[in-house]
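Structure at a glance
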Amino acid sequence: MTRSGLALLACGLLAFGVAVAAYAMTVLAHPHDLWAMSDLKVYRWGGLLARRSDRLYDETIGGFAFTYAPIAAVIFAGLSVLPMAALRWIMTLASLSALVTAVWIMFRTLGRRRSPALLGATLLVTAAALWTEPVQKTLWFGQINLILMALVVADLGQGDGRRWKGVGIGIATGIKFTPGIFIAYLLVTRRFRAAAVAIAVFLLTIAIGFVALPHESGRFWGDRLFMAPSRVGPVDWVGNQSLYGMLVRFLGGENAARPYWLGGAAVVGAAGLWLAARQSRVGREPFAVVTCATTGLLISPISWSHHWVWIAPALVLAADRMTGPPRRTWVWLAGGLGLEVLFGAWIFAVPGLPALPQGLIRTVPFGRHREHHWHGFELARGNLYVLIALAAITVLVILAARHPHAASPGRRRHLGRAGRSAAARVEGAR
């Protein structure tokens, strides 16, 4: 164990401990807000409904409806036997574990070897990611975003030759449709067996739903409840950081925005998947994964701010590149700090709430359709995540088109198994 490795491990343990302690202190100071976990209540309630009645998609709790696929209600039915007091702890610990796991796997996919230094880097990035708005809101609501992200990252971190690669993506897509973008990613990168596995598992989740909840499954799929984003919440709310949400706020309504969104989503989706496929072909699999996730968040009609937990893998990419040449180190350091600031959870008060961890997107008037009256800099702050993602994809597409190149053999040691496989395919094709 080297001195630098020990130093990094010590820094990581200290940073992680401070970040978790600060989170715990914030929760203790505001338990009625940060420990309420309204979405977790909906999950548990959906599980109870799945066990007791056929009105899964009719009833509401606290003004919220159950909007997930029937397979999710089947899963939550098993958890619903536990009291909320226990579920809060289980969900929080599972989410934090999933965050650490996803960060660790991303570093491993980048070619980093198991070592105390890697553990230290993992804990450092996890500490930074914990205090981003998407992660804080995920913990605040008791959401499953971090768990689903870890499922996808673990799945894609496997070698392409693994027989069951695609299972994690299929399960995540069955629970929440947004990860379905990764099935398209597997197809465009010609990993057809993994894509077939993901599709088969997704169809299996639908079949299980029909077996367990035939009436509600018929309603969810037959009546196309999954195609009604307004059931999830107000599309124009500032919390919806998707291309559609931004256009609805700009144009004043869903009907006015829909044609532009359909065209824009097609363009952004095609560009994002093209970029992700290109990154994968040249051996930059971790960059491709983050690009694909960002594309999915942009083109989905609803991408609540807490869905943007993929900021954590993005921070991993920045941290990994900080070990390069000094000039590039400063560039990536600035980029990582910029992401932390822009996506950070800053403790300030918004109207009607005490001082809680909030994102910069909430420094504008919001709620009750006040989003339609933004002007000037409010438009940029209120659509911050969307604008950052669009700018990043645009710049990367331009750079990829102007400077096509494959990963060099010298870079291969920094790639994960999938990245090395992709680089080998490129060279073999030559």
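Everything quoted here is computed from the prediction, not taken from an experiment.

What counts and how
- Residues numbered from 1 in each chain as written.
- Predicted model: local features only at pLDDT ≥ 70, side-chain atom pairs only at ≥ 80, totals over all residues.
- Heavy atoms only, no water.
- Core = buried A, V, L, I, M, F, W, Y, C linked by side-chain atoms within 4.5 Å.
- Buried < 20%, exposed > 50% of the residue type's maximum accessible area, 1.4 Å probe, protein only.
- Helix = DSSP H or I, 4+ residues; strand = E, 2+ residues; numbered from the N terminus.
- Axes fitted to C-alpha atoms, helices over the stretch in contact; angles between N-to-C directions.
- Parallel < 35°, antiparallel > 145°, perpendicular 65-115°, else oblique.
- Left-handed = near helix turned anticlockwise from the far one by under 90°.
- Contact = heavy atoms within 4.5 Å.
- Nonpolar A, V, L, I, M, F, W, Y, C, P; charged D, E, K, R; others polar.
- Salt bridge = Lys/Arg side-chain N within 4 Å of Asp/Glu carboxyl O.
- Pairing = 2+ DSSP bridges.
- Phe/Tyr/Trp six-rings, centres within 6.5 Å; stacked < 30°, edge-to-face > 60°.
- Patch = residues over 30% accessible without salt bridge, like charges linked within 9 Å, V, L, I, M, F, W, Y side chains within 5 Å.
- Areas by Shrake-Rupley, 256 points an atom, 1.4 Å probe, with all protein chains shown as cover.
- Expected span 1.5 Å × (residues − 1).
- Bend = angle between axes of the 7 residues up to and from the residue.
- pLDDT = per-residue confidence, 0-100.
- 1 Å grid on protein atoms, 1.4 Å probe; cavity = no way out; pocket = protein on both sides within 12 Å on 5 of 7 lines; lining within 4 Å.
- Points joined across faces, edges and corners; volume = space filled by probe spheres on them.

1. Points about the nonpolar core
A general feature of soluble globular proteins is that nonpolar side chains tend to end up buried together. Of all hydrophobic cores here, the largest spans 115 residues; its most connected members are Phe-66, Met-149, Phe-182 and Trp-310. Counting residues per element, this core draws most heavily on helix H5 (residues 84–109), at 11 residues.

2. Focus: the packing of helix H4 (residues 70–79) against helix H11 (residues 192–212)
For any two helices packed against each other, the geometry comes down to the angle between their axes and how far apart the axes lie. Look at H4 against H11: their axes get within 8 Å of each other, and the N-to-C directions meet at 65°. Considering the angle they form, H4 stands roughly perpendicular to H11. As for how H4 packs across H11, the hand of that crossing is left-handed. Two secondary-structure elements touch here, H4 through Pro-70, Ile-71 and Val-74 and H11 through Thr-205, Ile-208, Gly-209 and Ala-212. A per-class count over the contact of H4 with H11 returns five nonpolar, two polar and no charged.

3. A few points about the pattern of salt bridges
Scanning the model with the defined rule gives eight salt bridges in all. For the salt bridge of Arg-112 with Asp-320, the shortest nitrogen-to-oxygen distance reads 2.7 Å. Of this pair, Arg-112 sits in the loop between H5 and helix H6 (116–130) while Asp-320 sits in helix H16 (residues 311–321); the two residues are 208 residues apart in sequence, bridging distant segments of the chain. The class for Arg-112 is partly exposed, based on a relative accessible area of 24%. Of the residues examined, Asp-320 reaches a relative accessible area of 3% and is grouped as buried.

4. Here we look at the pairing of strand E4 (residues 355–358)
Pairing analysis gives four bridges linking strand E3 (residues 346–349) to E4, with the strands arranged antiparallel. The residue of E4 that forms the bridge with Trp-346 is Gln-358. The hairpin turn running from E3 into E4, its antiparallel successor, is five residues long, and Gly-352 in that turn takes a positive phi close to 90°.

5. So, the packing of aromatic side chains
Overall, the coordinates contain 20 aromatic pairs when judged by the stated rule. A centroid spacing of 5.0 Å and a plane angle of 85° characterise the contact between Phe-220 and Trp-221, whose relative ring orientation is edge-to-face. For the pair formed by Phe-220 and Trp-221, the shared burial category is buried.

6. With respect to a nonpolar patch on the surface
Judged by side-chain polarity, Phe-177, Phe-226 and Met-227 come together as a nonpolar surface patch covering roughly 270 Å² of accessible area. Here Phe-177 falls in the partly exposed class, since its relative accessible area comes to 32%.

7. Some remarks on helix H14 (residues 254–281)
Between its first and last C-alpha atoms H14 spans 38 Å; for 28 residues at 1.5 Å apiece the expected length is 40 Å, and the two agree. The sharpest bend along H14 reaches about 30° and sits at Tyr-260. Considered for burial, the residues of H14 that qualify are Ala-257, Trp-261, Ala-265, Val-268, Gly-269, Gly-272, Leu-273, Leu-275, Ala-276, Ala-277, Gln-279 and Ser-280.

8. Overview of the confidence of the model for the protein chain
Fine structural detail should not be taken from predicted coordinates in areas where pLDDT scores are low. Mean pLDDT over the protein chain stands at 90; residues scoring 70 or higher make up 93%. Considering each helix and strand of the protein chain separately, the mean pLDDT is smallest for helix H20 (residues 417–429), with a value of 43, and largest for helix H10 (residues 181–188), with 98. Every residue in residues 407–430 is under pLDDT 50, and counting partners more than four places away or in other chains gives 51 contacts.

9. Re helix H1 (residues 3–29)
Helix length check: H1 (27 residues) gives 39 Å between terminal C-alpha atoms against 39 Å at 1.5 Å per residue, within 8%. Of the positions making up H1, those classed as buried are Gly-5, Leu-9, Gly-12, Ala-19, Tyr-23, Thr-26 and Val-27. Along its buried surface, H1 packs onto helix H2 (31–34), H5, H6, helix H7 (133–141), E3 and E4.

10. A look at the environment of Pro-351
Following the sequence through the fold, Pro-351 ends up in the loop between E3 and E4. Here Pro-351 falls in the exposed class, since its relative accessible area comes to 78%. C-alpha of Pro-351 to C-alpha of Pro-365: the two residues are 14 residues apart in sequence and 8.9 Å apart in space.

11. Regarding empty space enclosed by the protein
A probe as big as a water molecule, rolled over the atoms, marks out the empty space that is left. The tally for this structure, following the rule as stated, stands at two cavities of 30 Å³ or more. One number sums up the size of the largest cavity: a volume of about 180 Å³. Considering the residues around the largest cavity, the lining is formed by 15 residues, among which Thr-178, Pro-179, Leu-297, His-307 and Trp-310 are closest to the centre. Contributing elements (two or more residues each) for the lining of the largest cavity: helix H8 (145–156), H10 and helix H15 (285–299). For the lining of the largest cavity, the residue count by class is 10 nonpolar, four polar and one charged. Forming the walls of the second largest cavity are Met-106, Thr-109, Val-153, Leu-156, Gly-157, Glu-285 and Val-289. For the lining of the second largest cavity, the elements supplying multiple residues, two or more each, are H5, H8 and H15. The residue inventory of the lining of the second largest cavity, partitioned by class, reads four nonpolar, two polar and one charged.

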